[in-house]
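Here are the chains, one letter per residue:
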2 protein chains.
Amino acid sequence: MARPRAALRGQILNSALRLFAAHGFRATSLQDIASDAGCSKASLLYHFANKDAILTELLAPLRRRGSELRAELAPLTGEPLVRAAVTGFVDMALAFRYELTVLFHDLPGTTGHLAADPDHDLPLIASLAGRSDDPRDRAAAWLVLGGVAISAYAAPTTDAVLREELIRAALRALGHDPDRPPSS
Amino acid sequence: MARPRAALRGQILNSALRLFAAHGFRATSLQDIASDAGCSKASLLYHFANKDAILTELLAPLRRRGSELRAELAPLTGEPLVRAAVTGFVDMALAFRYELTVLFHDLPGTTGHLAADPDHDLPLIASLAGRSDDPRDRAAAWLVLGGVAISAYAAPTTDAVLREELIRAALRALGHDPDRPPSS
DNA sequence: ACAGTAACTGACCGATCGGACAGCTTTGAC
DNA sequence: GTCAAAGCTGTCCGATCGGTCAGTTACTGT
């Protein structure tokens, strides 16, 4: 019953992602993942060093996309920056909705204290706020960040309408007119 | 060392709220709470039937306020409804920021499936959307709901500026003009 | 002083979980 | 066919957790 390496490995990641998103990281045992993936718990630990390694590999694509987005936003300023940040983050949230669910649910050390470090504050927040230090712009940016993330997995659908309207609502919240495509 | 009943009980609730918000419900053991509250684990279970009972009592005020808000919004319609829903929810989120943190962090069965509970949270979504069934209004309502909740605990401050700007950003997201206090 | 009751505790228990390990089975190169 | 490596598993282990229970201490009414 020895499969090619990638097969079971991918199945484990699929099962883990679904179970982590549904019940949380801590609430999901290795046995739960193994049962869902159709293998033994020991087999999990053959493919992954430990439980955290599964989570790390699961969130790697999300982190990668986050880094890309950060790089894309770096040279921008003003309204084009905000628009790119909004569309980029909405698309990322929709593409990685389950991964975001896992992040929000069960990693207080990662998500809950994001803001506790004013210096290490999310670059994405800065971009959404148009690199403004005004607490009012920051508040709106936080609202958009959290709202989009929650909507991505809590809203019943993920079709094009949701994407479009999330972008529009986010731009309105940030004080930008959604119906003015070119720059200001 | 027998204190009046309310003393240690309140201390336990204080410790539990802080620890649950900081590390999550599951990640906080009864021993953690007992140590923080300055008593034994057995003493916890003298005052509370079990771990869930602590959580239930901890979230009771939040639930009560939610019911009140729902009742207040019931007779309203149109723009006054949306304004009342926004201000009511922002104030509730700021007043119960730690409780909301607990809810968001570690209760996928409660928070992750908010949308699956038509009785409890859909009324608030409906109110924020002005009782519209348009998916676009619903999307904006979801963004506001999640964004305010996240902002309440993730934003570094909870002063009047944050409150005011959360309300304004939420109203903008929902397509209403924050600078027009009277009804439409 | 004494009894009764409320508050509190140390010690213990069963269940569960993450992980280690030795060994079995399949695959593929020669 | 041979054999080494890769894939996989059953079983065991230590740690931790929620919860129980018998017993102790402190308070209060009489």
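Predicted model, so just to flag it, every value in this text is computed and none were measured.

(A) Molecular detail of the overall build of chain A. Scanning chain A for helices and strands turns up 10 helices and zero strands. Moving toward the C terminus, one meets the helices and strands of chain A in the order α-α-α-α-α-α-α-α-α-α. Out of the 184 residues belonging to chain A, those deemed buried represent 51%. Of all intrachain contacts in chain A linking residues separated by at least 6 positions in sequence, the fraction that spans at least 24 positions is 67%. Counting every atom, chain A has about 8,600 Å² of accessible surface; 55% of that belongs to carbon and sulfur.

(B) Representation of the interface of chain A and chain B in the model. On the side of chain B, 38 residues touch chain A, which itself brings 37 residues to the contact. Both faces considered, chain A and chain B share a buried interface measuring about 3,000 Å² in area, 69% of it formed by carbon and sulfur atoms. Run the count over chain A and chain B and you get zero salt bridges. On inspection of chain A and its partner chain B, the count reaches five residue pairs in polar contact (both at pLDDT 80 or more). Considering every element that reaches the side of chain A that touches chain B, the biggest residue donor is helix α9 (residues 135-154) of chain A, with 12 residues. Of the residues contributing to the side of chain A that touches chain B, the split by class is 22 nonpolar, 10 polar and five charged.

(C) Examining α9 of chain A more closely. Residue and element names in this part refer to chain A. Taking 1.5 Å per residue, 20 residues should reach 28 Å; α9 reaches 28 Å between its end C-alpha atoms and fits that length. Judged by how many residues are buried, α9 sits mostly within the fold: 16 of 20 residues are covered. With a side-chain oxygen lying 2.9 Å from the backbone nitrogen of R136, the N-terminal cap of α9 falls on D134.

(D) Highlighting the pattern of salt bridges. Considering all chains together, one arrives at 24 salt bridges over all chains under this definition. A network of salt bridges, in which partner residues are shared, links E165, R168, R172 and D179 of chain A.

(E) View of the relation of the copies chain A and chain B. The transform that puts chain A on chain B rotates by 180° and translates by 0.0 Å along the axis, for an RMSD of 0.2 Å. With respect to symmetry, the two chain copies, as superposed, fit the operation of a two-fold axis. When the interface residues of chain A are mapped onto chain B, 100% of them again lie at the interface, so the same face is used by both copies.

(F) Up close: unusual backbone geometry. All names here are of chain A. Unlike most non-glycine residues, R131 shows phi in positive territory, near 60°. As for its position among the elements, R131 is in the loop between α8 (123-128) and α9. Classification of R131 as partly exposed rests on a relative accessible area of 40%.

(G) Region of the structure containing the packing of aromatic side chains. Enumeration according to the criterion identifies two aromatic pairs over all chains in this entry. A centroid spacing of 5.0 Å and a plane angle of 65° characterise the contact between F20 of chain A and F25 of chain A, whose relative ring orientation is edge-to-face. Here F20 of chain A matches F25 of chain A in class, with each residue buried. Lying over the aromatic face of F25 of chain B, K51 of chain B brings its terminal NZ or CZ to 4.5 Å of the ring centre. Above the ring of Y98 of chain B, the side-chain terminus of R97 of chain B is found at 5.6 Å from the ring centroid.

(H) Representation of the UniProt feature "DNA-binding region" (unreviewed entry) in chain A in the model. Residues given the UniProt feature "DNA-binding region" (unreviewed entry) here are residues 29-48 of chain A. As annotated, residues 29-48 of chain A has a helix share of 75% and a strand share of 0%, and its two end C-alpha atoms lie 14 Å apart.

(I) Representation of the environment of A6 of chain B. Of note, A6 of chain B is situated in helix α1 (residues 5-23). Taking the C-alpha atoms as reference points, A6 of chain B and H47 of chain B, separated by 41 residues in sequence, lie 9.7 Å from one another.

(J) Just the nonpolar core, in detail. Formed by 124 residues in total, the largest nonpolar core has its most connected members in F20, V86 and L128 of chain A together with F20, V86 and L128 of chain B. Setting aside chain neighbours within four positions, we find F20 of chain A in contact with F25, T28, I33, K51, I54, L55, L58 and V102 of chain A.

(K) Up close: the packing of helix α6 (residues 97-106) of chain A against helix α6 (residues 97-106) of chain B. At a closest axis distance of 5 Å, the pairing of α6 of chain A and α6 of chain B adopts a crossing angle of 135°. Judged by the angle between their axes, α6 of chain A and α6 of chain B are oblique. α6 of chain A and α6 of chain B meet at a crossing whose hand is left-handed. Packed against α6 of chain A, whose contacting residues are F104, H105 and D106 of chain A, the element α6 of chain B presents F104, H105 and D106 of chain B at the interface. Tallied by class, residues from the contact of α6 of chain A with α6 of chain B come to two nonpolar, two polar and two charged.

Conventions and cut-offs
Residues numbered from 1 in each chain as written. Chains lettered and ligands numbered in written order. Predicted model: local features only at pLDDT ≥ 70, side-chain atom pairs only at ≥ 80, totals over all residues. Heavy atoms only, no water. Helix = DSSP H or I, 4+ residues; strand = E, 2+ residues; numbered from the N terminus. Buried < 20%, exposed > 50% of the residue type's maximum accessible area, 1.4 Å probe, protein only. Contact = heavy atoms within 4.5 Å. Areas by Shrake-Rupley, 256 points an atom, 1.4 Å probe, with all protein chains shown as cover. Buried area = accessible area lost by both parts, 1.4 Å probe. Salt bridge = Lys/Arg side-chain N within 4 Å of Asp/Glu carboxyl O. Polar contact = N/O pair within 3.5 Å; in protein donor to acceptor, adjacent residues only side chain to side chain. Nonpolar A, V, L, I, M, F, W, Y, C, P; charged D, E, K, R; others polar. Expected span 1.5 Å × (residues − 1). Least-squares fit on C-alpha atoms with pLDDT ≥ 70 in both. Phe/Tyr/Trp six-rings, centres within 6.5 Å; stacked < 30°, edge-to-face > 60°. Lys NZ or Arg CZ within 6 Å of the ring centre and 35° of its normal. UniProt positions renumbered as here; feature names shortened; annotations may be inferred. Core = buried A, V, L, I, M, F, W, Y, C linked by side-chain atoms within 4.5 Å. Axes fitted to C-alpha atoms, helices over the stretch in contact; angles between N-to-C directions. Parallel < 35°, antiparallel > 145°, perpendicular 65-115°, else oblique. Left-handed = near helix turned anticlockwise from the far one by under 90°.

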